[in-house]
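Report on the structure
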Amino acid sequence: MPYFLAVPPKKLLPKYNSETLQVKALTPKTMVHVTYLNTNQWGRVPCNGMIYYNNDEAVVFDTPPNDSVSIQLIDWIENNLKAKVKAIVVNHFHGDCLGGLNAFHQRGIPSYANQLTIDLAKTQNTAVPQNGFNGVLNLKIGGETIENRYLGEGHTKDNIVSYVPSEKVLFGGCMIKENNAGKGNLADANLGDWPKTVARVKAQYPDARFVIPGHGKWGSKKLLDYTMELFKP
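The following paragraphs examine the structure supplied in this document. A quick note: this is a predicted structure, and the numbers were derived from the prediction, not measured. (Residues numbered from 1 in each chain as written. Predicted model: local features only at pLDDT ≥ 70, side-chain atom pairs only at ≥ 80, totals over all residues. Heavy atoms only, no water.)

Here we look at the pattern of salt bridges
Our working definition: The salt bridge criterion pairs a side-chain nitrogen of Lys or Arg with a carboxyl oxygen of Asp or Glu, the two atoms within 4 Å. Runs of H or I in DSSP of at least four residues are treated as helices and runs of E of at least two as strands, each being numbered from the N terminus. Three labels apply to residues, based on accessible area from a 1.4 Å probe with only protein chains included: buried if under 20% of the type maximum, exposed if over 50%, partly exposed otherwise in between.
Per the counting criterion, the structure on display carries five salt bridges. Arg107 serves as the salt-bridge partner of Asp75, at 2.7 Å between the closest nitrogen and oxygen. Of the two residues, Asp75 sits in helix 2 (residues 67-80) while Arg107 sits in the loop between helix 4 (101-106) and strand 7 (111-114), which places them 32 residues apart along the sequence. Asp75 gets classed as partly exposed once you look at its relative accessible area, which sits at 26%. Asp225 is paired through a salt bridge with Lys202; the nearest N and O atoms lie 2.6 Å apart. Here Lys202 lies in helix 6 (residues 194-204) and Asp225 lies in helix 7 (residues 222-230), a separation of 23 residues in the sequence. By relative accessible area, Asp225 is classed as partly exposed at 33%. Salt bridges sharing partners connect three or more residues here, namely Asp75, Glu78 and Arg107.

Pasting the structure below:
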């Protein structure tokens, strides 16, 4: 579901477009940030993250794949939204989620992730999130509660989802596929649990209006159904 069909244009937040970073409004308080990861197998892959902004505070979900684009994103939020980035939440341990994490740490922005993500990141040559949680982490941003929850294995053993109740926006990350997508990177996947975990996501967030996958076009809860069907045994 394109954002311009869901929200009157006059209420949308600013947008940004460069060769390395795009920011696209989804609702009046949430945006998708799109950056690019260079891969040997799939070439230059667009990667989705999310921004939630309220009362001069912001939280970012997933970093760009490198520090230079993370700096670009942080600067855009501070200069255009006039908001202080209060937290960065990492969806799972792959580079398209935390490749630019050091830039956030250098700005004094605390990072949060599933404890499994921290454990896995420590085995890689990568930045490591600072604050771990098990099960559920609620963050207060501008007076609103943002929920981050681990519901099981799928794309990776540590992948989480994040939900903004006031906006009814679910950030599914790479566990959720865009319509007509293939299965993608399965190097760390649990194919047996994947559709079961997505079913738990759907049951946990029945009111979700928008669903953001890790790559490609966002849409409605139909993306959850598509993903379950794609990985059905």
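Re the side chain of His155
Heads up, the rule is: Polar contacts here mean pairs of N or O atoms no more than 3.5 Å apart (in protein, one a potential hydrogen donor and the other a potential acceptor; neighbouring residues in sequence count only if both atoms are side-chain atoms). Any two residues whose heavy atoms approach within 4.5 Å at even a single point are treated as in contact.
Among the secondary structure elements, His155 is positioned in the loop between strand 10 (144-149) and strand 11 (161-164). Reaching out from His155, the side chain makes a polar contact with the side chain of His94 at a distance of 3.2 Å. Beyond its immediate stretch of four places on either side in the chain, His155 contacts His92, His94, Cys174, Met175, Asn185, Asp188, Ala189 and Trp194.

Overview of the sheet that holds strand 1 (residues 16-17)
What counts here: Note on pairing: two strands pair once DSSP finds at least 2 bridges between them.
Strand order in the open sheet formed by eight strands is 1-2-3-4-5-6-7-8, with mixed pairing between adjacent strands. The open sheet has two edge strands with one neighbour each: strand 1 and strand 8 (131-133). Pairing of strand 4 (residues 43-54) with strand 5 (residues 57-61), which is carried by five bridges, proceeds in the antiparallel orientation. When the sheet's bridge partners are listed, Tyr53 is paired in strand 5 with Ala58.

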